[in-house]
Amino acid sequence: MSRIKVTVDGRELELSNLDKVLYPAVGFTKGEVISYYTHIAEVMLPHLRDRPVTRIRYPNGVEAPSFFEKNAPTATPDWVRTETLPAPGSTKGATTLDYIVADDLPTLVWLANLAAIELHTPQWRVGHDPDLLVIDLDPGPPAGLVECCEVALWARDLLVADGLDPLPKTSGKKGMQMSCAISGEQGADVVSGYVRQLAELLAKRHPAKVTAVMARRHRPGKVFLDWSQNNAAKTTVTPYSLRAGATPTASAPLTWDEVAAAAWSGGAARQLRPDEVLARVADQGDLWSPLLRPGPRL
């Protein structure tokens with residue numbers, strides 16, 4: 001096993017098997033995963049800060065078995081921030097877990113070296129109520145990202161009418177998400193209830209294209225507005241996180257002009273590669289930076 005020692009912001013890390021292919025279809029290696037996370041860190045870390053991170057690890061690549069990891073793994077460096085937090089719904093019956101909080105570049109690089117390809121975070125920060133509202137738009141085939149864009153525009157209009165400022169992003173897989181900054185002064189049940197009402201209203205207005213029902217039999221050809229993502233125990237893929245598809249893609253913030261163009265032209269929307277996301281950030285900065293400031297109370 002090849003190993004190299006590097007220093008990242010004053011922290012010494014040992015990286016291993018940098019040439020190991022994690023995306024076999026295109027030969028994308030672990031070294032390239034680490035490189036992507038290193039270069040995207042400036043805009044990604046503010047969205048990770050103070051949020052316990054759930055990782056999906058692919059030690060043998062995206063075509064091999066993966067596993068979810070919430071607890072800090074054995075041999076976690078003592079400089080990595082951990083927070084002992086309740087673990088509702090733990091499959092192992094644990095009442096608390098020691099979560100990783102990726103507040104800095106060394107932690108992000110360390111996670112990438114563990115083949116933690118996907119990073120998922122909750123809508124709340126440690127010790128606080130939710131400061132984000134999220135709507136996950138999940139298309140049921142043959143609906144796809146174009147249909148998600150159309151539904152996102154309808155949802156945006158309702159949110160704006162309520163004084164919120166929603167922002168869209170691709171999921172990096174088949175759908176997309178939109179989020180709004182909120183005050184952090186309301187519980188997850190309030191946020192989830194609000195989004196459920198919005199989803200049900202859109203499903204009533206556009207029954208052929210939208211569903212608010214979780215059962216998969218109701219989803220074919222429709223976009224499911226998953227209001228349940230606002231449950232305190234749920235997480236959503238973090239902005240700029242890689243996703244584990246056949247080829248590497250990343251969850252990418254979009255402009256509303258891009259969403260509208262995709263919804264109206266059809267076929268223009270697609271998930272974005274890591275190099276494309278880095279180029280967008282170099283040109284546009286962090287399109288989701290407004291979500292780092294407090295929003296209104298629901």
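Read on for an overview of the structure. (Residues numbered from 1 in each chain as written. Predicted model: local features only at pLDDT ≥ 70, side-chain atom pairs only at ≥ 80, totals over all residues. Heavy atoms only, no water.)

## A word on the packing of aromatic side chains
The geometry of an aromatic ring pair comes down to the distance between the two centres and the angle between the two planes. Considering all chains together, one arrives at two aromatic pairs under this definition. Ring geometry for Tyr23 against Phe28: centres 5.5 Å apart, planes inclined by 85 degrees, an arrangement best described as edge-to-face. Residue Tyr23 shares its accessibility class with Phe28, and that shared class is buried. Look at Tyr36 and Tyr37: their rings are 5.4 Å apart centre to centre, the planes differ by 65 degrees, and that puts the pair in the edge-to-face class. Note on accessibility: Tyr36 and Tyr37 belong to one class, buried. (Phe/Tyr/Trp six-rings, centres within 6.5 Å; stacked < 30°, edge-to-face > 60°. Buried < 20%, exposed > 50% of the residue type's maximum accessible area, 1.4 Å probe, protein only.)

## Thoughts on the pairing of strand E12 (residues 176-181)
Walk down a regular strand and you will see the side chains alternate between the two sheet faces. The element E12 is extensively covered by neighbouring structure, given that six of its six residues are classed as buried. With six bridges connecting them, strand E10 (residues 132-139) and E12 associate as antiparallel partners. Within the sheet, the bridge partner assigned to Leu133 lies in E12 and is Cys180. Pairing between strand E11 (residues 167-170) and E12: four bridges, direction antiparallel. Note on E12: the bridge partner recorded for Thr170 is Met176. Between E11 and E12, which follow one another and run antiparallel, lie five residues, and Gly172 among them has a positive phi close to 90 degrees. (Helix = DSSP H or I, 4+ residues; strand = E, 2+ residues; numbered from the N terminus. Pairing = 2+ DSSP bridges.)

## Here we look at the nonpolar core
One finds Tyr37, Ile40 and Leu119 to be the most contacted residues of the largest nonpolar core, which totals 42 residues. Of all the secondary structure elements, the ones that give two or more residues to this core are strand E2 (11-16), strand E3 (21-23), helix H1 (30-48), strand E5 (52-57), helix H2 (105-113), strand E9 (116-121), strand E16 (242-244) and helix H6 (274-284). Here this core takes 10 residues from H1, the largest share from any one element. In contact with Leu119, other than residues within four places in its own chain, are Tyr37, Met44, Leu48, Val53, Thr54, Arg55, Leu108, Leu111, Val237, Thr238 and Ser241. Grouped together as the second largest cluster of nonpolar side chains are 40 residues, Val191, Tyr194, Val210 and Val223 included. (Core = buried A, V, L, I, M, F, W, Y, C linked by side-chain atoms within 4.5 Å. Contact = heavy atoms within 4.5 Å.)

## Concerning the packing of helix H3 (residues 145-161) against helix H4 (residues 188-205)
For the pair H3 and H4, interaxial distance at closest approach is 11 Å and the crossing angle is 130 degrees. When the axis of H3 is compared with that of H4, the two are oblique. For the element pair H3 and H4, the recorded crossing hand is right-handed. Two secondary-structure elements touch here, H3 through Trp154, Ala155, Leu158 and Leu159 and H4 through Tyr194, Leu198, Leu201, Leu202 and Arg205. A breakdown of the residues in the contact of H3 with H4 according to their chemical character gives eight nonpolar, no polar and one charged. (Axes fitted to C-alpha atoms, helices over the stretch in contact; angles between N-to-C directions. Parallel < 35°, antiparallel > 145°, perpendicular 65-115°, else oblique. Left-handed = near helix turned anticlockwise from the far one by under 90°. Nonpolar A, V, L, I, M, F, W, Y, C, P; charged D, E, K, R; others polar.)

## Notes on unusual backbone geometry
Residues Pro141 and Pro142 are joined by a peptide bond in cis, for which omega reads 10 degrees. Assignment of secondary structure puts Pro142 in the loop between E10 and H3. Of note, Ala75 is a non-glycine position whose phi angle comes to about 70 degrees, a positive value. For Ala75, the position within the fold is in the loop between strand E6 (67-69) and strand E7 (82-86). Overall, the relative accessible area of 70% leaves Ala75 in the exposed class.

## What about the sheet that holds E10?
Across the sheet, which stays open at both edges, the five strands sit in the order E11-E12-E10-E14-E13 with mixed pairing between neighbours. The open sheet has two edge strands with one neighbour each: E11 and strand E13 (210-211). Of the strands in this sheet, E10, E13 and strand E14 (223-226) are in contact with H4, which crosses E10 at around 40 degrees.

Read these as geometric descriptors, not functional statements.
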